[in-house]
Amino acid sequence: MTRRSARDVGETVSALRAEAERVGAAVAAVVDHAAAARKAGLTMPDTQVIIFGNPQAGTPLMQARPEIAMDLPMRLKVRDDGQPGALITWQDPAYLAQRYGLGEDQLAPLHAPAKIAATVDGH
């Protein structure tokens, strides 16, 4: 799933972090892939991944389907695609539900990235 933010990568990451924390998620890390590439003498467009979660939401999923720990905590990727603003990308909850055999009643926590992304720029 992808949507565009009118803000640049850094501003978008800051806004997403703030919203994740506002809704009760803990931001575990922000991985700056472009900075790591520069340290290795390589270049790539500005790309950062926000890793966040809420144990109250994720733990029941992992108890029901331990394999889902491979995709938890949740992630939002923010990248510069050469156009104004930045792209925000996250896993499709339907894909995760199918992959791990989750029922409709278990999907709510998987919608967190979309809800957080929707708040950037008031969308």
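Our structure's up above, just so we're on the same page.
Parameters and conventions
Residues numbered from 1 in each chain as written. Predicted model: local features only at pLDDT ≥ 70, side-chain atom pairs only at ≥ 80, totals over all residues. Heavy atoms only, no water. Buried < 20%, exposed > 50% of the residue type's maximum accessible area, 1.4 Å probe, protein only. Helix = DSSP H or I, 4+ residues; strand = E, 2+ residues; numbered from the N terminus. Pairing = 2+ DSSP bridges. Polar contact = N/O pair within 3.5 Å; in protein donor to acceptor, adjacent residues only side chain to side chain.

Burial of strand 4 (residues 74-79) is one-sided: the residues Met-74, Leu-76 and Val-78 facing one way are buried, the residues Arg-75, Lys-77 and Arg-79 facing the other way are not. Looking at chain direction, strand 3 (residues 47-53) and strand 4 are connected through six bridges and run antiparallel. Counterpart to Ile-50 in the pairing with strand 4 is Leu-76. Relative to strand 5 (residues 86-89), strand 4 runs antiparallel, the two being bridged by three bridges. Counted as the bridge partner of Lys-77 is Thr-89 from strand 5. Counting the residues that bridge the hairpin from strand 4 to strand 5 gives six residues, and of these Gly-82 lies at a positive phi of roughly 85 degrees.

Another point: the environment of Arg-3. The residue Arg-3 is located in strand 1 (residues 2-5) in this model. Taking the C-alpha atoms as reference points, Arg-3 and Val-49, 46 residues apart in sequence, are found 15 Å from one another. One polar contact links the side chain of Arg-3 to the main-chain carbonyl oxygen of Ala-117, over a distance of 3.3 Å.

This is a description of form; function is not addressed.
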